[in-house]
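Observations on the three-dimensional arrangement
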Amino acid sequence: MSETPMTHEQALDLAAGFVLGALEPAEESAVREHLRTCPESHDEFAELGGVVAYLAEADLELVEPPAALRDRIMAAAAADLAARSAEAAPPARPDVTAVAFPTPAEREIRTGRRTDRLGWAMRIAAVVAILALAGWNILLQAQLGAARQYETAVASVISAAGEAGSQTVILTPTENNRAAGIAAIRPDGSVVAAMRDLPPTAGSEVYEAWVIVGDAAPVPVGDFTVGSNGIGAFTTSPANAPPGAIIAVSREPGPGSTAPRGPIVSTGVGVAQES
Amino acid sequence: VASVADDADRAVLALVANGQLDALQELYDKYRTMAYSIALRITADASLAEDVVQDAFLGAWRNAARYVEGKGSVKTWLLSIVHHRAVDAVRRRRPTSELPEREETPPASLTLPDIWQEVAGNLEREEIATALATLSDVQREAIELAYFGGLTQQEIAAQTGAPLGTVKSRIRLGLLAMRSALVGDRGSPSGTPAGDGSP
């Protein structure tokens, strides 16, 4: 259905289901595409959509959320703000979807960027400072534990990043993911990383780290599991990872994948430090 | 004409877009009960509902700049994010369901007509409940299975045993009837809000 453009009449027939979010995924995509491209009036969508906004209020028992939820949200937003300021400087934010690796052309663009040691140190300092201090609502023991675990992992990354010839990596979430972090690639090609906001693994699931060099296939370099606090701290085996190599983290159904089977949740590119 | 409450919300959202944590907390405190209640009703799972609300407010935090003035109130925008995330969470628990690509903002053409902005600030919960009560039982069942149950029209047809075409018209006519009850003569629905959509 998403292959053939939808007619205006077909779209109108699906208007009520669309505004309620009750269409099949293919139908919903087709309607969205139709609304983007069709010049005719779509008043009925707005008329019906306006009603949906009131459905929640019409028949809802009001329940107060637990007080701790506010702390969780504010702590997560504070961490997000820290990561945002850490990402404010180059390297460029990779634009990688959960299913596609970047094209060679995109890799060339990204690998043209360099950063200096001072800028990198300041960005790390910002992350650490905000997590340690300005994560101003991190009061619960569990959250404090997670913040400490992340801080310890960040300290390992800083230590590795200080070695001569190492590269630095900002890991940013792919679309619809939140997992982010920082990493250093040691001169032997091993990756030391600190990540947060990773959905916990369950059963045999693991996260796998991959190194991608140029047009070559992704090379698995190590896997790790994540608990309920969402923190991932890992050091991979040595690999060929010259400056510009892409580090990707995917969620796999089990260990031992030789090519990514699950979604890529976070990526970053290795940037050599200027001496 | 947007209400004063809407203007205040827009001012707060502009601060959220600017990365002000205290503005996010203000927005959260204002809408947390509605947001959590919707999430809880849809997921029927307190822990999952908390995750949904957290996810939704972080989505709003990151995408506040994408809210476009004149396309519905901040409240509508925020609660629709909560609704989408809750439905996604419920569908994710059903192993056979695919998830659609969600967007934080509706397509440009999906703007709310002025009539909605005009009535938005003036409706009381009782009025809204009365409007919902004007629907026939089968219309209300279909709409609630979609909105609170997270079911697609096809799934509703399978669950209720009604033909898909019947489910579609129950939902459409039910929404139009509710619109008519809410707005009265001030709007001109493009359909006839009568009947229950039975063949």
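Residues numbered from 1 in each chain as written. Chains lettered and ligands numbered in written order. Predicted model: local features only at pLDDT ≥ 70, side-chain atom pairs only at ≥ 80, totals over all residues. Heavy atoms only, no water.

Here we look at the overall build of chain B
Assigned secondary structure in chain B consists of nine helices and zero strands. The 199 residues of chain B split such that 51% are buried. Considering only contacts within chain B whose residues lie at least 6 apart along the sequence, 63% involve residues at least 24 apart. Accessible surface, chain B: about 8,600 Å² in total, of which carbon and sulfur atoms supply 50%. (Helix = DSSP H or I, 4+ residues; strand = E, 2+ residues; numbered from the N terminus. Buried < 20%, exposed > 50% of the residue type's maximum accessible area, 1.4 Å probe, protein only. Contact = heavy atoms within 4.5 Å. Areas by Shrake-Rupley, 256 points an atom, 1.4 Å probe, with all protein chains shown as cover.)

Remarks on the confidence of the model for chain A
Residue and element names in this part refer to chain A. Of all residues in chain A, 77% attain a pLDDT of 70 or more, and the chain-wide mean is 77. Here helix α6 (residues 104-111) stands out as the element of chain A with the lowest mean pLDDT, 41, in contrast to strand β3 (residues 191-196), whose mean of 92 is the highest. Contacts of residues 133-140 to residues separated by more than four positions or lying in other chains number 18 contacts, the stretch itself having pLDDT below 50. (pLDDT = per-residue confidence, 0-100.)

Digging into helix α4 (residues 43-58) of chain A
For α4 of chain A, built from 16 residues, the straight-helix expectation of 22 Å at 1.5 Å per residue is met to within 8% by its first-to-last C-alpha distance of 23 Å. Taken across its 16 residues, α4 of chain A has 14 buried, putting it largely inside the fold. (Expected span 1.5 Å × (residues − 1).)

A closer look at the interface of chain B and chain A
Facing 68 residues of chain B, the contacting portion of chain A comprises 58 residues. Here chain B packs against chain A, burying approximately 5,900 Å² in sum over the two surfaces, 59% of which is carbon and sulfur. Seen at the junction of chain B and chain A, the total is seven salt bridges. Residues D29 of chain B and R70 of chain A are paired through a salt bridge, measuring 2.5 Å at the closest nitrogen-oxygen approach. Where chain B touches chain A, the interface holds 14 residue pairs in polar contact (both at pLDDT 80 or more). (Buried area = accessible area lost by both parts, 1.4 Å probe. Salt bridge = Lys/Arg side-chain N within 4 Å of Asp/Glu carboxyl O. Polar contact = N/O pair within 3.5 Å; in protein donor to acceptor, adjacent residues only side chain to side chain.)

Observations regarding the packing of aromatic side chains
Residue and element names in this part refer to chain A. In the structure shown here, the tally under the stated rule is five aromatic pairs over all chains. Taking the centre distance of 4.1 Å and the plane angle of 15° together, the rings of F224 and F234 count as stacked. Linking F224 in strand β5 (residues 219-224) with F234 in strand β6 (residues 232-235), this pair joins segments that are ten residues apart in sequence. The two residues F224 and F234 agree in class, both being buried. (Phe/Tyr/Trp six-rings, centres within 6.5 Å; stacked < 30°, edge-to-face > 60°.)

Details of helix α1 (residues 4-17) of chain B
Residues and elements named next belong to chain B. Helix length check: α1 (14 residues) gives 20 Å between terminal C-alpha atoms against 20 Å at 1.5 Å per residue, within 8%. Buried within α1 we find D6, D9, R10, V12, L13 and V16. Each buried residue of α1 sits inside an arc of 165° when the element is viewed along its axis, so together they form one side. (Arc of directions from axis to C-beta.)

Quick word on the nonpolar core
Core analysis: the largest hydrophobic core is formed by 86 residues, its most contacted members being I171, L175 and M178 of chain B. Here the element with the most residues in this core is helix α2 (residues 21-43) of chain B; it accounts for twelve residues. Excluding anything up to four places from it in sequence, I171 of chain B contacts A16 and L20 of chain A together with A142, I143, A146, Q153 and I156 of chain B. In terms of nonpolar packing, the next biggest core, distinct from the first, is built from 22 residues, M195, Y207, F234 and A239 of chain A among them. (Core = buried A, V, L, I, M, F, W, Y, C linked by side-chain atoms within 4.5 Å.)

Some words on the pairing of β5 of chain A
Residue and element names in this part refer to chain A. Sheet analysis places strand β4 (residues 206-212) next to β5, joined by five bridges and oriented antiparallel. Along β5, the bridge assignment pairs E208 with D223. Hairpin geometry of β4 and β5 is characterised by an intervening segment of six residues between the two adjacent antiparallel strands and by a positive phi of about 55° at G214. (Pairing = 2+ DSSP bridges.)

Overview of the pattern of salt bridges
Taken as a whole and judged by the stated rule, the model has 19 salt bridges over all chains. Of the charged contacts in the structure, one is a salt bridge between E252 of chain A and R261 of chain A, with a shortest N-O distance of 3.9 Å. Judged by its relative accessible area of 54%, R261 of chain A is exposed. K30 of chain B is the salt-bridge partner of D9 of chain B, the closest N and O atoms lying 2.8 Å from each other. Here K30 of chain B lies in helix α2 and D9 of chain B lies in helix α1, a separation of 21 residues in the sequence. Since its relative accessible area comes to 3%, D9 of chain B is described here as buried. Sharing partners across several salt bridges, the network here consists of E64 and R70 of chain A together with D29 and R32 of chain B.

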